[in-house]
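Next come the chains, spelled out residue by residue.
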Amino acid sequence: MQNNSNDNANLMFRKNKLASAIFAVLAPISISGAAVAEESVDKKKADDTEVIVVTGIRGSLVSSLQNKRFEGSVVDGIAAEDIGKFPDQNVAESLQRITGVTIDRDSGEGRSISIRGFGPEFNSVMLNNRTVPTDSGGRAFSFDLLASELISGADVYKTSRSSMAEGSIGGLVNIKTAKPLEIEGFRAVGSTKAIYDTLAETTNPSVSGLISQNFDDDFGILAAFSYQSREGRTDAANVSRYREDFVIPGSDPKGPTTTEKAWRPQSADQTYKVQERDRIGASLVGQWAVSDNLLITTDVIYSKLTVDDSTSSLSRWFSNPNFNSVIDENNTVQSLSRVPKPLVSQGVYQLWENGERLGTGQWNSANQGINGRDVTTTMVGINANWEVSDNFTVDFDLQTSGAKARSGDNFGGTLANPTQNVTNFALSGDAFSWDGPAIDFTGTPDSYYANTVSFNQTNRDDDITELHIDTEWTLDDMGVLAAIKSGVYYSDREKINERKETNWGTVISNYRGFHYNAPASMMNTVSPSGGILGGNAGLVNSWYDYNPQDLVDFFLGDEIFDQLPSFGNQIINNFENGDPTHATRADAEAAAAIAVENAREKLIAAQAYMPEGANGSPLGAFAPEHNAGKSWKVTEETTAAYIEAILEGEGWSGNIGLRYISTDTASYGNGNDLVGFNIDSAQGAGILDVASGQDISASSSYSKLLPSMNLKFDLADDVVARVAYSETMTRPQLSQLTPTQNYSGTGIYDANNELQFDGTIVGQNVNLNPYTSVNFDLAVEWYYSDDSYIGATYFNKEIKDWITTQTRQVTLEVPTYIDDVPSDAMMLDFDNTAPYNSDSADASGLEFALMHNFDNGFGVQFNYTYMDSSAAFTPGQENLSFALAGLSKDSYNLITYYENGPLQARIAYNWRGEYVKCTTCKNGQPEQSEDYGQFDASVSYDLNDNFSIFAEGINITDEDTRTYSTYTSRFLSKTATGARFTVGVRASF
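Only a predicted model underlies this, so the values are computations on that prediction, with no experimental measurement involved.

A few points about the packing of aromatic side chains
One pass over the full model with this rule turns up 35 aromatic pairs. A centroid spacing of 6.4 Å and a plane angle of 55° characterise the contact between Phe-848 and Phe-862, whose relative ring orientation is tilted. Residue Phe-848 is found in strand S39 (residues 821-853), and its partner Phe-862 is found in strand S40 (residues 858-869); the two are separated by 14 residues along the sequence. You can call Phe-848 partly exposed: its relative accessible area is 32%. Classification of Phe-862 as partly exposed rests on a relative accessible area of 27%. Here the aromatic rings of Tyr-909 and Phe-935 are separated by 4.5 Å at their centres, their planes lie at 40°, and the arrangement is tilted. Of this pair, Tyr-909 sits in strand S42 (residues 903-912) while Phe-935 sits in strand S45 (residues 932-942), and the two are 26 residues apart along the sequence.

A short note on the sheet that holds strand S6 (residues 151-157)
In spatial order, the strands read S1-S6-S7-S4-S5; together these five strands make up an open sheet with mixed pairing. For this open sheet the edge positions go to strand S1 (75-79) and strand S5 (130-131), each flanked by a neighbour on one side alone. Pairing geometry for strand S4 (residues 123-127) and S5, over two bridges, is antiparallel. If you follow Leu-127 over to S5, its bridge partner there is Arg-130. Relative to the sheet, helix H5 (residues 56-70) contacts S1 and S6, its axis offset from that of S1 by approximately 155°.

Re the nonpolar core
If you look at soluble globular proteins, the nonpolar side chains tend to sit buried side by side. Ranked by internal contacts, the top residues of the largest apolar core, which has 38 residues, are Leu-415, Tyr-511, Tyr-516, Leu-551, Phe-555 and Phe-622. Listed by contribution, the elements that provide at least two residues to this core are strand S23 (410-418), strand S26 (449-474), helix H8 (504-511), strand S29 (543-546), helix H9 (548-555), helix H10 (565-576) and helix H11 (585-608). Per-element accounting of this core gives the leading share, eight residues, to H11. In this structure Phe-555 touches Ala-450, Val-453, Tyr-511, Ile-560, Gln-607 and Phe-622, once residues within four positions along its chain are discounted. Counting 36 residues, the second-largest nonpolar core is a separate cluster that includes Leu-127, Leu-150, Val-173 and Leu-305.

Here's the deal with the pattern of salt bridges
Counted by the stated rule, this structure contains 48 salt bridges. Taking the shortest distance from any N to any O, the salt bridge between Glu-597 and Arg-600 comes out at 3.7 Å. Here the residue Glu-597 and the residue Arg-600 both occupy positions in helix H11, the gap between them amounting to three residues, near one helical turn. The partly exposed category is assigned to Arg-600, whose relative accessible area is 32%. Of the charged contacts in the structure, one is a salt bridge between Asp-868 and Lys-889, with a shortest N-O distance of 3.6 Å. Here Asp-868, found in strand S40, pairs with Lys-889, found in the loop between S40 and strand S41 (890-900); they are 21 residues apart in sequence, far enough to count as distant.

Rules of the game
Residues numbered from 1 in each chain as written. Predicted model: local features only at pLDDT ≥ 70, side-chain atom pairs only at ≥ 80, totals over all residues. Heavy atoms only, no water. Phe/Tyr/Trp six-rings, centres within 6.5 Å; stacked < 30°, edge-to-face > 60°. Helix = DSSP H or I, 4+ residues; strand = E, 2+ residues; numbered from the N terminus. Buried < 20%, exposed > 50% of the residue type's maximum accessible area, 1.4 Å probe, protein only. Pairing = 2+ DSSP bridges. Contact = heavy atoms within 4.5 Å. Axes fitted to C-alpha atoms, helices over the stretch in contact; angles between N-to-C directions. Core = buried A, V, L, I, M, F, W, Y, C linked by side-chain atoms within 4.5 Å. Salt bridge = Lys/Arg side-chain N within 4 Å of Asp/Glu carboxyl O.

As far as function goes, none of this settles anything; it's purely spatial.
Okay, here's the thing in structure tokens:
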């Protein structure tokens, strides 16, 4: 068990029974697990002292404030307002109220946190001081997995101690669940509420309950349960990324291009997502005070989150020629026009005219996506706290935990209609607009042709076995040395990622390429109301989607064979309009016959294909199968040992220690091999063929020695100063340690018959070292009353071995095939992307916090954080190599509340400045989020001692989020999730 409580406060309070009782009054919930254990073991000493539990908004804030005051390091926390009543519906939403903490949301709900500008991967999240398994490919914890009703408090440690688990440069979050021996006698609480989502226009239920029984402080048992269902909606307008390219400023599609490249949109879409999520959470805790000096605690925590997303979008892929291009001062194309793609007959397009190849015409796509997320998390632990003697304590903690994530059969499909008229696109200050009649973008139900259609699964298992053995030796008459803490730690972690996909070579590639016309009968109309998409003059308010199973049934049926003649007809049409590929009509007709027969054989092979284990699946050949190149396993074994001296002098206290860690990593995976580049001459486009390669394994190891020091000075009775120094580390993401390397690429011929090839090689790096940081903190806190304070903190971090994802261009000789016939190999350029330890950076900042409670029931809480870093992003910065993702230079919270008798009310405003979401994820360019602010509010009224009613609102002003790349004029996304309002009733006995 990692005991992060204030050691000096514990020592002082052991000597002073009255002070101990006062501390229990002020901080009944937020005190650390170890301190609770010690109080439980020592319960006989406190039997004669009455303990009063403080509840409500003010009680929660005062509890956290007193915990902060007496801690031995820089820490902020949140306590439950009462048993089973956390301040917000989501733990991350509550943590964002803490100075220096900001959050990212998914579908309007808090999912991940940044601390002092360091994103989720830089922060450790513990549950009862135990590492929590995750459902992602890395270590970052998803807070939407955890029901807030199961939580009694959470502490954010911003400075490190040797007795704390390593791994967090940003900060360590310890989430705490309630224990039965912390609660007097019998308690039962429950709540039920209805949640209304304004954008989805749905109302869904949420229920929770907790029962606890404390049998004379000798034995206790607690059970808690929570269930929540939610239907949400997300509207978005997106530009996928920008491509540096020559464009045509004039109105002639065949006119001259610019002499220098400009950044033009690669594609754009408007997206409508409906999400259904169900979350079940439960915990069972038993505590047994075996004797006055031995307390045993066992607990089981269970969580199951099921999320189903259904996404429908209308999109456009912009290829050359782009004419009527308007370029702004930032060299960004703000508007453009695209030539049509004339449809001659079913599956046959006008690609040539009078011996000249026409510019690549515009396709508009109806994209359908189905994505699932089914995560089951189980944590089982046992803790034994043994006071061997009056001055020696041993704490033993063992846990085994696992997260199992299953996606189900996710779907991604593109049906596209060829534009029959010139169409226009323009960025606007807020998003973008399609310019022209809606039918030019949506087409008609019978005009959609299939491109890439596939299913996939991502299944992950994260299993952790963890052991802590900690000792504390309290010393008498040893001068300033008050105690010595020491301990050992062992962890064995294994994360497995299995990827399944529809077979590419036999199935997907044989249906793609816009050859097959989907039946009009399977197309449905999507017409969202309200939000970004309903009634927006710049966007299309109605378009088409389809059921994926209907598309699969068409692909695997007999009707599709009737469309095979189009393969030959396309070659004949090309020849008749001057395509020089074939010298005579007889040659063209022969090639056409071969093309039809080749397509027939491919269809037969595709329909006959049966993935392993897919017998009986309605997806048939499209059922996803194991993809070795995207599957991996990483094992990580860590041992650690520490020693920490607890110091106490006249008017000051502190701790100084040293922690040694050693980590051994083994990774297993499989890359893919480059087969060749296959060109479809009729369409003037090509695709890269790959195949699974050989199994790969690799191992690495590293060790670190991490010192820490925290000093606290009582400058006056109500003024505290702190100085802290530490060296910390953050491990690479587990997915970055895999030995895989994967190729992908597509190409298309432009009007000049030149190939535009977009190739990528994406790999990882098993030899990555952890980030390391040298940290310094200086804080001053003035507790000018029992429930009010002002504080300021300066911090600085010097980070080395920064892991950056670097993209380097490589040229490879690739075997080439034209219509499946071998041709001369081509030299193709690829963007080779992989992570490396390469840079260093510094980050520093100032935190200011104020909490004031008035005598009339009102109170105010305000905090502000300023950050600067050599890795901070500057708007307009080109060729960004790395940046501190998640760093907002400015962020603040303003919370006002009122509590008087049975009435409690609170309104909170949270604001964060712009920040980088990723550095090179947009075709080597960054993605930044604009500044964002959100109002939340809550009110409750106690009807009597047992029942209360309440209402809550999240994002009550219905704010949208917006992202851009490099310059604000390079719009990337605008997203709306709406507001959520809750009404409910709570009972307590």
